[in-house]
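# Geometric and topological summary
Given next are the chains, with one letter for each unit.
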Amino acid sequence: RDWSSDVCSSDLERGCRPATGHSVAVIGAGIVGLSCAWLLSRLGHHVLLVDGSTQGAESPGLPVDPASAAALGVLMGRVFHRSSGRGWRLRQQSLALWRQWRCELAERGRPIPWRSGLLLLAADQEDLARQRALLQDPRRRPDDPADGLRLWERPRLRALRPALPAAALAGLYSPADGQLDPLAA
């Protein structure tokens, strides 16, 4: 599918750059592939989105299965076992870009459903110790809404049953992380 004309034809004044003359192929029409195609087209590149359902063509109007549910749309940047390093910085940048893109897509009449908050369960004492260590990390700012990690102990988890396993010892909750609907993209 040719995303260049679909995304930027009427949006040049809204942040799309003029055509660069470069062509880019993006393989896969999952949520990441669609996001890459959208961003590249906004940067002025001609984008060919290749996926099994696109039949290798780029003409608008061809049936395109818009995404896959392979990653379930989970965006997990804050509730992760590390608080530093290149991977950490990349996850933070990714979360910020998703927030920006969700707003921009909604403004263009293409909202992606988003469920805020992510709960990472501790299945054993080792998981629980790792979660508690994350909360004690001096680089974390528990009062910062962008971080805001909280440990939910068993009494709070009980209220979420039967959706959660009874054996869960606790859960690390992150209001900044969440899940988008990859099939709605």
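Our subject is the structure that appears above.
Just so you know, the residues in each chain are numbered from 1, in the order the chain's sequence is written. For a predicted model such as this one, the threshold for reporting local features is a pLDDT of at least 70, and the threshold for listing and counting side-chain atom pairs is 80 or more; totals across whole chains, interfaces and linings nevertheless cover every residue. Excluding hydrogens and water, the side-chain values take into account all heavy atoms of the structure.

## What about the packing of helix α2 (residues 31–42) against helix α3 (residues 85–107)?
An axis is simply a line fitted to the C-alpha atoms; with a helix, the fit covers only the stretch in contact. Between two such axes, the angle follows the N-to-C directions and lies from 0 to 180 degrees. Helix and strand labels come from DSSP, where a helix needs a run of H or I of at least four residues and a strand needs a run of E of at least two; each type is numbered from the N terminus. Close contact between α2 and α3 brings their axes to 12 Å; oriented N to C, the two are set at 75°. If you check the angle between α2 and α3, you find them roughly perpendicular. Packed against α2, whose contacting residues are Ile-31, Ser-35, Trp-38, Leu-39 and Arg-42, the element α3 presents Trp-98, Trp-101, Glu-104 and Leu-105 at the interface. All amino acids are sorted into three groups, where Ala, Val, Leu, Ile, Met, Phe, Trp, Tyr, Cys and Pro are nonpolar, Asp, Glu, Lys and Arg are charged, and the leftover types, Gly among them, are polar. Of the residues assigned to the contact of α2 with α3, the class counts are six nonpolar, one polar and two charged. Should an angle fall under 35 degrees it is taken as roughly parallel, and over 145 as roughly antiparallel, whereas 65 to 115 is taken as roughly perpendicular and any remaining angle as oblique. Residues count as neighbours in contact if any of their non-hydrogen atoms are within 4.5 Å of one another.

## Some words on α3
For a helix, the expected span equals 1.5 Å multiplied by the residue count minus one. Here α3 spans 34 Å end to end across 23 residues, near enough to the 33 Å set by a 1.5 Å rise per residue. What α3 keeps buried is the set Trp-88, Arg-91, Gln-92, Leu-95, Trp-98, Trp-101, Arg-102, Glu-104 and Leu-105. If you follow the buried residues of α3, they end up packed against α2, β3 (74–75), β4 (114–122) and β6 (170–180). Gly-109 sits one or two residues past α3 and shows a positive phi near 80°. Any residue under 20% of the maximum accessible area for its type is buried, any over 50% is exposed, and the rest in between are partly exposed; the area is computed with a 1.4 Å probe on protein chains only.

## Side note on the pairing of strand β1 (residues 23–27)
Where β1 and strand β2 (residues 46–50) come together, five bridges link them in parallel fashion. Bridge pairing in β2 places Ser-23 opposite His-46. Once the chain exits β1 it traverses α2 before rejoining the sheet at β2, and the crossover so formed is right-handed. Here, a strand pair is defined by DSSP locating no fewer than two bridges between the strands. Here, the term right-handed applies to a crossover whose path from the first strand over the helix to the second runs clockwise when the strands point away from the viewer.

## Some words on the side chain of His-45
Note on placement: His-45 falls in the loop between α2 and β2. Judged by relative accessible area, which is 18%, His-45 ranks as buried. Under the rule applied, a polar contact is a pair of N or O atoms within 3.5 Å (in protein, one hydrogen donor and one hydrogen acceptor; residues adjacent in sequence only if both atoms are side-chain atoms). Looking at His-45, its side chain comes within polar contact range of the side chain of Thr-20, at 2.9 Å.

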